[in-house]
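# Summary of the model geometry
What follows is the residue order along each chain.
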Amino acid sequence: KAYLREESIHKDEEWALIYRYFIKCFLQLENYDEALKYGHLLVNVEDTASHYLLLSRIYRLSGNEVAANATLKKAAEKKPKYTSVLLNNLIDSKNYNEALKLINKILKKQPYHEEALYYKSKIEIMNKMYAKAKISLYTLVHLKLKNKKIQIDSLYSLGSILLFEDQIQKAKEIFTKLLKVAPDSVLGGLKLAYIYISEKKLQKAKNILIQIKTLDNLSNEILSEVYSYLGWIEKESFNVKQARYYFDRSLELDPENQRSKDFLKQLQ
């Protein structure tokens with residue numbers, strides 16, 4: 001009996017390998033119907049979380065979001081680490097009610113579950129529920145988070161809400177904390193530079209912008225913002241020639257940079 005059971009296991013593993021090969025081939029051919037057929041055969045022989053994850057991916061590629069999320073839910077039930085993938089996909093497909101049901105279920109058992117709080121804050125921000133989002137985000141930034149990306153995103157989102165609400169000092173504290181955690185946070189650096197320029201602390205802003213300029217792989221839009229801010233600093237310092245140079249450089253990189261356009265008009 002033990003021998004037969006072992007033989008059966010080996011055969012299942014062999015069939016699973018064959019089915020995965022067929023799935024790979026049909027995905028390359030973008031034949032999702034055939035890929036789905038073998039995906040279902042695969043979970044029948046090996047009922048594992050990773051295979052449900054693969055089946056969910058096939059459903060998503062075929063355009064069936066409902067089936068993709070339902071299958072992903074099975075993967076998350078078998079392996080909780082896939083819960084974050086499920087929540088991310090539910091949010092991407094704007095299925096907020098389903099996502100919140102799952103989040104509230106998690107938070108009922110674990111009130112400080114960092115991923116649940118993070119995705120809750122994302123939904124609240126998307127629905128412009130800023131007061132609730134701040135509660136979720138303040139909770140997150142005061143926790144000892146294991147996930148650094150969640151820490152960085154939470155600090156940036158919280159700082160952005162506070163800046164939007166003109167709570168400048170609180171926003172400055174949060175963005176300063178963000179740059180201590182992630183010195184190469186370009187967006188966080190730009191927000192802090194904006195605050196310093198508004199406060200006439202021009203050298204502090206300039207130091208941040210020069211640091212950003214040294215980073216690799218910056219997009220034209222980001223570099224355009226950096227030059228726009230540098231131009232703004234020179235304008236505030238009455239260095240008209242240098243300010244015009246920076247604004248021109250900014251518009252070369254991004255002709256739609258409205259700040260640079262407006263400041264250039266003021267200098268004419």
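Above this text sits the structure in question.
Here is a short report on the structure shown in this document. Here the structure is a predicted model, which means the values were calculated and not measured.

## Details of the overall build of the chain
Looking only at helices and strands, the chain features 15 helices and 0 strands. Taken over C-alpha atoms, the radius of gyration comes to 25 Å for the chain, far larger than the 18 Å a tight globule of 268 residues would show. Counting only residues that meet the buried cut, the chain has 41% of its 268 residues in that class. Long-range contacts, defined as pairs at least 24 residues apart, comprise 44% of the intrachain contacts of the chain with a sequence gap of at least 6. Accessible area of the chain: about 15900 Å², with a carbon and sulfur share of 53%. Across the chain, the 44 positively charged side chains and the 33 negatively charged ones have centroids separated by 6 Å.

## Brief notes about the nonpolar core
The biggest cluster of nonpolar side chains holds 82 residues, and the ones touching the most others in it are L190 and L209. With 8 residues, helix 13 (residues 220-236) is the single largest residue contributor to this core. Residue contacts for L209: discarding those within four places in its chain leaves L190, A193, V226, Y229, L230 and I233.

## Description of the side chain of T71
Turning to its location among the elements, T71 is positioned in helix 4 (residues 65-78). If we ignore the near neighbours within four places in the chain, the residues touching T71 are Y52, L55, S56 and Y59.

## Focus: the packing of helix 7 (residues 114-126) against helix 9 (residues 148-164)
It is at 11 Å that the axes of helix 7 and helix 9 come closest, and there the two elements cross at 30 degrees. The chirality of how helix 7 crosses helix 9 is left-handed. Seen from helix 7, the contacting residues are E114, E115, Y118 and I125; seen from helix 9, they are K149, I150, D153, S154, S157 and I161. Class assignment for the residues of the contact of helix 7 with helix 9 results in 4 nonpolar, 2 polar and 4 charged.

## Thoughts on the packing of aromatic side chains
Taken as a whole and judged by the stated rule, the model has 14 aromatic pairs. Measuring from centroid to centroid gives 5.8 Å for F26 and Y38, while their planes differ by 10 degrees, and the two rings are stacked. Here F26, found in helix 1 (residues 2-28), pairs with Y38, found in helix 2 (residues 32-45); they are 12 residues apart in sequence, far enough to count as distant. Exposure class is identical for F26 and Y38. Each is buried. Following the ring pairs from residue to residue traces out a cluster consisting of W15, Y19, Y21, F22, F26 and Y38.

## As for helix 15 (residues 258-267)
Among all positions of helix 15, only S260, F263, L264 and L267 are buried. Along helix 15, the residues classed as buried sweep out an arc of 105 degrees about the axis, all on the same side. Opposite the packed face of helix 15, turned more than 90 degrees from it, sit the exposed residues K265 and Q266. Where helix 15 is buried, its residues meet helix 13 and helix 14 (240-253).

Basis of the calculations
Residues numbered from 1 in each chain as written. Predicted model: local features only at pLDDT ≥ 70, side-chain atom pairs only at ≥ 80, totals over all residues. Heavy atoms only, no water. Helix = DSSP H or I, 4+ residues; strand = E, 2+ residues; numbered from the N terminus. Rg over C-alpha atoms; globule rule 2.2 N^0.38 Å. Buried < 20%, exposed > 50% of the residue type's maximum accessible area, 1.4 Å probe, protein only. Contact = heavy atoms within 4.5 Å. Areas by Shrake-Rupley, 256 points an atom, 1.4 Å probe, with all protein chains shown as cover. Lys, Arg positive; Asp, Glu negative; His and termini not counted. Charge placed at Lys NZ, Arg CZ, Asp CG, Glu CD. Core = buried A, V, L, I, M, F, W, Y, C linked by side-chain atoms within 4.5 Å. Axes fitted to C-alpha atoms, helices over the stretch in contact; angles between N-to-C directions. Left-handed = near helix turned anticlockwise from the far one by under 90°. Nonpolar A, V, L, I, M, F, W, Y, C, P; charged D, E, K, R; others polar. Phe/Tyr/Trp six-rings, centres within 6.5 Å; stacked < 30°, edge-to-face > 60°. Arc of directions from axis to C-beta.

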